[in-house]
Amino acid sequence: MLNIEGERLVFHYDAEEVWIEPWGPDALRIRATKERRMPEEDWALSAKGDAVSHAAYTEYGAEIVNGRIRAEISKYGKIMIYDAGGRLLLEEYCRNRLDLTDPKCSAVEVEAREFKPIPGGDYHLTMRFESVDKNEKIYGMGQYQQPYLNLKGTDLELAHRNSQASVPFAVSSLGYGFLWNNPGVGRAVFGKNIMSFEAYSTKALDYWIVAKDTPAQIEEAYAAVTGTVPMMPEYGLGFWQCKLRYQTQEELLGIAREYKRRNLPIDLIVIDFFHWPKQGEWKFDPVYWPDPDGMVQELKEMGIELMVSIWPTVDRTCENYEEMLEKGYLIRTERGFRAGLDFQGTTVHYDATNPKAREYVWNKAKQNYYEKGIRVFWLDEAEPEYSVYDFDNYRYHRGTNLQIGNTYPVCYAKTFYEGMEKEGQKNIVNLLRCAWAGSQKYGALVWSGDIASSFESMRNQLAAGLNMGLAGIVWWTTDIGGFHGGNPDDPKFRELFARWFAWGTFCSVMRLHGDREPRQPQQGTSGGASCCSGAANEVWSYGEEVYEICRKYLNLREQMRPYTRSVMLEAHQKGTPVMRTMFYMYPEDAACWEVEDEYFYGPDVLVAPVLYEGQKSRSVYLPKGERWKEYFTGKEYEGGQTVEAQTPLDVIPVFVRQGAQCL
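The following refers to the structure shown. (Residues numbered from 1 in each chain as written. Predicted model: local features only at pLDDT ≥ 70, side-chain atom pairs only at ≥ 80, totals over all residues. Heavy atoms only, no water.)

**Some words on the overall build of the protein chain**
Summing up its helical and strand segments, the protein chain has 11 helices and 39 strands in all. A globule of 663 residues ought to have a C-alpha radius of gyration of about 26 Å, and the protein chain, at 25 Å, matches this closely. Along the longest, intermediate and shortest principal axes, the C-alpha atoms of the protein chain span 80 × 70 × 40 Å. Taken across its 663 residues, the protein chain has 62% of its residues classed as buried. Expressed as a percentage of contacts within the protein chain between residues at least 6 apart in sequence, the contacts between residues at least 24 apart total 69%. Counting only carbon and sulfur atoms, one obtains 47% of the accessible surface of the protein chain, whose full area is about 23800 Å². Put simply, the protein chain has 74 plus and 94 minus side-chain charges, and the middle of one group is 1 Å from the middle of the other. (Helix = DSSP H or I, 4+ residues; strand = E, 2+ residues; numbered from the N terminus. Rg over C-alpha atoms; globule rule 2.2 N^0.38 Å. Buried < 20%, exposed > 50% of the residue type's maximum accessible area, 1.4 Å probe, protein only. Contact = heavy atoms within 4.5 Å. Areas by Shrake-Rupley, 256 points an atom, 1.4 Å probe, with all protein chains shown as cover. Lys, Arg positive; Asp, Glu negative; His and termini not counted. Charge placed at Lys NZ, Arg CZ, Asp CG, Glu CD.)

**A look at the sheet that holds strand β30 (residues 476–477)**
Spatially, β30-β29-β28-β25-β21-β20-β19-β31 is the arrangement adopted by the eight strands of the open sheet, whose pairing is parallel. In the strand order of this sheet, the two ends are held by β30 and β31 (510–512), each with one partner. Summarising the sheet, strand β28 (residues 430–432) and strand β29 (residues 444–447) pair through three bridges and their orientation is parallel. Looking at the pairing, Leu432 lines up with Val446 of β29. (Pairing = 2+ DSSP bridges.)

**Focus on the sheet that holds strand β12 (residues 138–143)**
With respect to topology, eight strands assemble into an open sheet ordered β1-β2-β3-β4-β18-β15-β14-β12, the strand pairing being antiparallel. Edge positions in the sheet fall to β1 (2–5) and β12, since each of these pairs with one other strand and no more. Direction aside, the axes of adjacent strands within the sheet are offset by 20° on average. Two elements, strand β14 (residues 165–172) and strand β15 (residues 176–180), share three bridges in a ladder whose sense is antiparallel. When the sheet's bridge partners are listed, Phe169 is paired in β15 with Leu179. In the packing of helix α1 (residues 215–226) onto the sheet, contacts are made with β14, β15 and β18 (204–211), and the angle to β14 comes to roughly 135°. (Axes fitted to C-alpha atoms, helices over the stretch in contact; angles between N-to-C directions.)

**What about the packing of helix α7 (residues 455–470) against helix α8 (residues 491–504)?**
It is at 11 Å that the axes of α7 and α8 come closest, and there the two elements cross at 15°. One element, α7, and the other, α8, form an angle in the roughly parallel class. When the axes of α7 and α8 are compared, the crossing they make is right-handed. Contact residues: α7 offers Phe455, Ser457, Met458, Gln461 and Leu462, while α8 offers Glu495, Leu496, Arg499, Trp500 and Trp503. (Parallel < 35°, antiparallel > 145°, perpendicular 65-115°, else oblique. Left-handed = near helix turned anticlockwise from the far one by under 90°.)

**Some points on empty space enclosed by the protein**
Tallying each qualifying case throughout the model produces seven cavities of 30 Å³ or more. Estimates place the volume of the largest cavity at around 50 Å³. Of all the secondary structure elements, the ones that give two or more residues to the lining of the largest cavity are β15 and β17 (194–202). Of the residues assigned to the lining of the largest cavity, the class counts are nine nonpolar, no polar and no charged. (1 Å grid on protein atoms, 1.4 Å probe; cavity = no way out; pocket = protein on both sides within 12 Å on 5 of 7 lines; lining within 4 Å. Points joined across faces, edges and corners; volume = space filled by probe spheres on them. Nonpolar A, V, L, I, M, F, W, Y, C, P; charged D, E, K, R; others polar.)

**Regarding helix α3 (residues 292–301)**
All of the buried residues in α3 are Pro292, Met295, Val296 and Leu299. All buried residues of α3 lie within an arc of 95° about the axis, which places them on one face of the element. Contacts made by the buried residues of α3 are with α2 (249–261), β20 (268–271) and β21 (305–310). Positioned one or two residues after α3, Gly303 has a phi angle of 80°, which is positive. (Arc of directions from axis to C-beta.)

**Details of unusual backbone geometry**
Leaving glycine out, the prevailing phi sign among residues is negative, and the prevailing peptide bond configuration is trans. Here the amide bond leading from Leu244 into Arg245 is cis, since omega sits at -10°, within 30 degrees of zero. Considering the arrangement of structural elements, one finds Arg245 in the loop between β19 (239–241) and α2. The step from Glu517 to Pro518 runs through a cis peptide bond, and the omega angle for that step is 0°. Positive phi, normally seen in glycine, also occurs at Ser163, with a value near 85°.

**Comments concerning the pattern of salt bridges**
Side chains that differ in sign of charge can pair as their charged atoms come close. Counted by the stated rule, this structure contains 55 salt bridges. In this structure, the salt-bridge partner of Arg519 is Asp515, at a minimum N-O distance of 2.2 Å. For Asp515, a relative accessible area of 12% translates into the label buried. Measuring nitrogen to oxygen at the nearest pair gives 3.5 Å for the salt bridge that ties Lys574 to Glu570. Of this pair, Lys574 and Glu570 both sit in helix α10 (residues 561–574), four residues apart, which is roughly one turn of the helix. Classification of Lys574 as partly exposed rests on a relative accessible area of 36%. Where salt bridges share partners, they join Glu7, Arg8, Glu21, Arg31 and Lys48 into one cluster. (Salt bridge = Lys/Arg side-chain N within 4 Å of Asp/Glu carboxyl O.)

**Observations regarding the side chain of Ser196**
Its location among the elements puts Ser196 in strand β17. For Ser196, a relative accessible area of 12% gives the class buried. Excluding residues that lie within four positions of it along the chain, Ser196 makes contacts with Met127, Arg128, Arg187, Ala188 and Val189.

**Brief notes about the packing of α8 against helix α9 (residues 544–559)**
To describe two helices that pack against each other, one gives the angle between their axes and the distance between the axes. Orientation of α8 relative to α9, taken along the N-to-C sense of each, is 5°, at an axis distance of 9 Å. Considering the angle they form, α8 stands roughly parallel to α9. Along the contact surface, α8 presents Arg494, Phe497, Ala498, Phe501, Ala502 and Gly504, while α9 presents Val546, Ile549, Cys550, Tyr553, Leu554 and Arg557.

Below you can see the structure in the form of structure tokens.
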């Protein structure tokens, strides 16, 4: 049965109902379910926007047209989507004998929309599409620890892990953007023959697709329906100092004073985890941080903001556990001992999907952090998915009251976004390990997690950061030098650190962090002191040569502050990535679709990181139609060619578009 109901196409066959409707200019939302009614959740889609559409019956079945996009659905339920020029963008992959006139009619019996029932009443959903063009390129989808910018041919887990963030929005070289609007653990495969999306436990199929002429238009349309970041505050434009971890108030203030003594630019310094007495006590341990008010005041007098790490874990022996348990503010397990994480104590996560739990945690943070002048929060998820998702059996513990796993980081950021908005804050930054589609509107700045300190890892982060931007998470950063290990006295690590520091200058946020070797002794025996610290990780910790390189790039980042501010304004207003792929800026230049190891910082600065050990030079493609100036040498080149740039240890190849006022 196929009906037109207002501006919506509705198909019904057996237990399945399908809706196709306009959702913003040039865009459609497609949903299907075998429930008795369509679920009401909009998930990432927070705004429908204006659309000019019409629907009509056809000989084939019915169609709906909304600006540049057109969808057809047959009398038997097969969906095909076209752009304004009639080019096929997506075609459902089905092999059955319902429609004997379909050229792909087959006895194989594979459904495009497969709802496989699972215990508990949900479905294991698989959505299949034809790969309509062997040359199609796919980008976005979030952050994965692999070096591929073009995701065609990859197999991606849709789940959050430490250093992996599933943000399932894909940008196609065919001219469409596709949001898998289902916040559930699953899988995406961009195969040569079939593209598929899976949700291991869900009640409905839900995706959004937009057709536009350029990648920039696709991103802006996506941002219009899912939200944009706030305006980056001034402290986000400069340099952030961090390590794992400053153990005492005096240690942290000593580092801040040394930056000022050396006249080095610094905007923010971070107090990492276990500055609290116990997890779930959102406050400073008075033994090691005796005067937070005085500390914040001294930092502010130096022009330095303070960021604190906050975890969602609640220790069973902490002062807030019994109250949160009584009020239902903790997630539940299906059976057995209630525990979500065993790290420095047995803990359970607070339920960030419960508005009252969010308010409770914010009020604790407000009292102990916000009212002391702290405005920046590092919300470390600490791998929350493991407490609610059974990876062995691919199902959720039905007894939990936590929403499907991938929504967790969104809600976690929302705790602080809502609270700070109540206090009159508008330009909010939440540093997060993970995010999902729409997290950007909660001030999500995602960093790439606990990654290795190696050139291979650095190469992975470049692909991760660029694809995160295309997935809509336009604030992204990485631990300069990598997180795990690295000895500041090791010449090989010093080389890696220098290369990474130069690249970090051209990331959305320039943040130095890491857990260096050798480990440092504990500075106490109680509370958070049981979690000891890594070696020194300040710019003067790596020898005089590297220090001079760091000083050079710190001053360059400061010099770029007005330019960075304008780039951040564009991200806020239109959802434009801060770090932009070559094809994003020059989609008409075919060569830019092939380059994966260069990018643009804003519209005018082309950056070519040095990604291999011992590299003395590297090739750089310069987009056609422009004249380019190499920043450090002053040499000028016509675009449309590949040049060989020299890369001594203190140089990252940077080219500026002629006429730009940015460096």
